[in-house]
Amino acid sequence: VETTESRAELYRRAADRERAAVILRAGTSRRLRSRLGVSPTAPLATLAGVLAATSGRPLEDVSALLGGPSPATDAQLTALATALSDLEERVRHA
């Protein structure tokens with residue numbers, strides 16, 4: 001959790017929100033695929049469906065977290081990092 005937020009802060013300082021979002025999303029996807037046994041080659045929609053069912057979050061929300069638009073502001077990047085971390089926590093405790 002702290003590592004994810006720390007990376008977001010580093011990228012925010014570098015003003016590269018798009019790259020930061022890609023890296024944060026990829027890391028979350030990789031970790032959750034591994035935890036839930038979802039193939040690395042499975043479509044993102046498949047992972048989102050499994051995560052929605054496991055976490056209890058709406059599919060639309062999970063899909064937006066994993067593949068939505070790049071954050072336009074630093075606050076949006078921080079919110080994305082927090083939301084991804086929260087999703088991982090929900091899955092860990094499911």
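Refer to the structure above for everything that follows.
Residues numbered from 1 in each chain as written. Predicted model: local features only at pLDDT ≥ 70, side-chain atom pairs only at ≥ 80, totals over all residues. Heavy atoms only, no water.

## Some points on the overall build of the chain
What the chain contains, in helices and strands, is five helices and zero strands. The order of helices and strands in the chain, counted from the N terminus, is α-α-α-α-α. When the 94 residues of the chain are sorted by exposure, 34% land in the buried category. Of the roughly 5,300 Å² of accessible surface on the chain, a fraction of 53% belongs to carbon and sulfur atoms. (Helix = DSSP H or I, 4+ residues; strand = E, 2+ residues; numbered from the N terminus. Buried < 20%, exposed > 50% of the residue type's maximum accessible area, 1.4 Å probe, protein only. Areas by Shrake-Rupley, 256 points an atom, 1.4 Å probe, with all protein chains shown as cover.)

## As for the nonpolar core
Ranked by size, the top nonpolar core spans 20 residues in total, and within it Leu51, Val62, Leu65, Leu66, Leu84 and Leu87 carry the most contacts. Secondary-structure elements contributing two or more residues to this core are helix H2 (17–36), helix H3 (44–55), helix H4 (59–67) and helix H5 (74–92). Here this core gets seven residues from one element, more than from any other, and that element is H5. Setting aside anything within four residues of it in sequence, one finds leucine 87 in contact with Leu32, Leu51, Ser55, Arg57, Val62 and Leu65. (Core = buried A, V, L, I, M, F, W, Y, C linked by side-chain atoms within 4.5 Å. Contact = heavy atoms within 4.5 Å.)

## Examining H2
In this model H2 runs 28 Å from its N-terminal to its C-terminal C-alpha over 20 residues, within 8% of the 28 Å that 1.5 Å per residue would give. When we look at burial in H2, the residues that qualify are Ala20, Ala21, Leu24, Arg25, Gly27, Thr28, Ser29, Leu32 and Arg33. Within two residues after H2, glycine 37 carries a phi angle of roughly 70°, on the positive side. (Expected span 1.5 Å × (residues − 1).)

## What about the side chain of serine 29?
The topology assignment puts serine 29 in helix H2. Given the relative accessible area of 9%, serine 29 is considered buried.

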